Amino acid sequence: MVQLRPIDQAPPPGAPHFTEAEVAALQRAVIRLFALWDLSDQDASTLLGDISPRTFQRWKQGQTGRVGPDLAARLSNLVGIHKALRLLFKEKARGYAWIRKPNAAFGARSALDVMLRGQLTDLMRVRRYLDAQRSPW
């Protein structure tokens, strides 16, 4: 008869842990990115997981605060989207404009339309698409 035995496995990695300095740097980078994308405070708050527009305004005034795992993942994905656009487009302005242009991959909606649906997975979808576009495989 076959004997079953437990297999020792390392636990799956947890959510990324960012230091306070890293969080503050991500917040500053996203504030600048949203200005380049010409987003309203309401759109910014939606992309950041429905934080209050007032909280985002405080961020813009330099009053950065605590960030939970969901918000940290959103900040990380937004910076990843920015990085992918900078790698894909030689001209910065084209990359910033791309975010609002209709795209067949998103059913003729823009990447911003997709992201403004508000879920973390919407940001991840845009990031995965851009990463695939810049990948040789």
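Everything that follows concerns the structure shown earlier in this document.
Residue positions are given per chain, counted from 1 along the sequence in the order it is written. Reporting of local features is limited, given that this is a predicted model, to residues whose pLDDT is at least 70; pairs of side-chain atoms are given and counted only at 80 or more, and all residues count toward the totals for whole chains, interfaces and linings. Based on all heavy atoms of the structure, the side-chain values leave hydrogens and waters out of the count.

Chemist: What is the right way to look at the overall build of the protein in this model?
Modeler: Every helix listed is a DSSP run of H or I at least four residues long, and every strand listed is a run of E at least two residues long, numbered separately from the N terminus. Looking only at helices and strands, the protein has seven helices and two strands in total. Going residue by residue from the N terminus, the α and β elements of the protein occur as α-α-α-α-α-β-β-α-α. Rg of the C-alpha trace for the protein: 18 Å, well past the compact-globule value of 14 Å for 137 residues, more than 25% over. Each principal axis of the C-alpha distribution contributes one length, and for the protein these read about 65 × 40 × 25 Å. For the protein, the share of sequence-separated contacts (at least 6 apart) that also reach a separation of at least 24 residues comes to 55%. Accessible surface area values rest on a Shrake-Rupley calculation with a 1.4 Å probe, where residue burial reflects the displayed protein chains alone. Element-wise, carbon and sulfur atoms account for 53% of the exposed surface of the protein, whose accessible area totals about 9100 Å². Throughout, the radius of gyration refers to the C-alpha atoms, and the reference size of a globule is 2.2 Å times the residue count to the power 0.38. Contact definition: two residues touch when any of their heavy atoms are within 4.5 Å.

Chemist: How should the layout of surface pockets be read in this particular structure?
Modeler: Summary: where empty space remains is shown by rolling a probe the size of a single water molecule over the atoms. The computed volume of the largest pocket comes to approximately 250 Å³. Surrounding the largest pocket, 15 residues form its lining, F18, T19, E20, V23 and V67 being those nearest its centre. Listing elements by their share of the lining of the largest pocket, those giving two or more residues are α1 (20-36) and α4 (69-88). No other element matches the four residues that α1 contributes to the lining of the largest pocket. For this classification, the nonpolar set comprises Ala, Val, Leu, Ile, Met, Phe, Trp, Tyr, Cys and Pro, the charged set comprises Asp, Glu, Lys and Arg, and every other residue, Gly included, is treated as polar. For the lining of the largest pocket, the residue count by class is seven nonpolar, six polar and two charged. Lining residues are those with an atom within 4 Å of a point, where the points come from a 1 Å grid over the protein atoms alone and group into cavities, where a 1.4 Å probe fits but cannot get out, or pockets, open sets with protein on both sides within 12 Å along at least five of seven lines. Grid points are joined across faces, edges and corners, and a volume is the space filled by probe spheres set on the points.

Chemist: Is there a simple way to think about unusual backbone geometry in this case?
Modeler: Only a minority of non-glycine residues have a phi that is not negative, and only a minority of peptide bonds are not trans. At D38, a residue that is not glycine, the phi angle is positive and equals roughly 60 degrees. Here D38 lies in the loop between α1 and α2 (41-47). Throughout this description, buried means an accessible area under 20% of the type-specific maximum (1.4 Å probe, protein chains only), exposed means over 50%, and partly exposed covers the range between. The class of D38 is exposed, set by a relative accessible area of 61%.

Chemist: Just to check I follow, could you spell out the packing of α1 against helix α3 (residues 53-60) for this structure?
Modeler: When two helices pack together, their arrangement is given by the angle between the helix axes and the distance between those axes. Lines fitted to C-alpha atoms define the axes here, with helix axes fitted over just the stretch in contact, and angles between the N-to-C directions of these axes take values from 0 to 180 degrees. Put simply, α1 and α3 touch, their axes get as near as 10 Å, and they point 105 degrees apart. In terms of orientation, α1 lies roughly perpendicular with respect to α3. Contacts from Q27, I31 and F34 of α1 reach α3 at F56, W59 and K60. Residue classes in the contact of α1 with α3 are distributed as four nonpolar, one polar and one charged. Small angles under 35 degrees read as roughly parallel and large ones over 145 as roughly antiparallel, with 65 to 115 read as roughly perpendicular and the rest as oblique.

Chemist: Where do I start with the side chain of N77 in this structure?
Modeler: Along the polypeptide, N77 turns up in helix α4. N77 gets classed as buried once you look at its relative accessible area, which sits at 10%. Here a polar contact is recorded for every N or O atom pair within 3.5 Å, except that within protein the pair must consist of a potential hydrogen donor and a potential acceptor, and residues adjacent in sequence are included only if both atoms are side-chain atoms. Within polar-contact distance, the side chain of N77 engages the backbone oxygen of A73 at 2.8 Å. Setting aside anything within four residues of it in sequence, one finds N77 in contact with L120, L123, M124 and R127.

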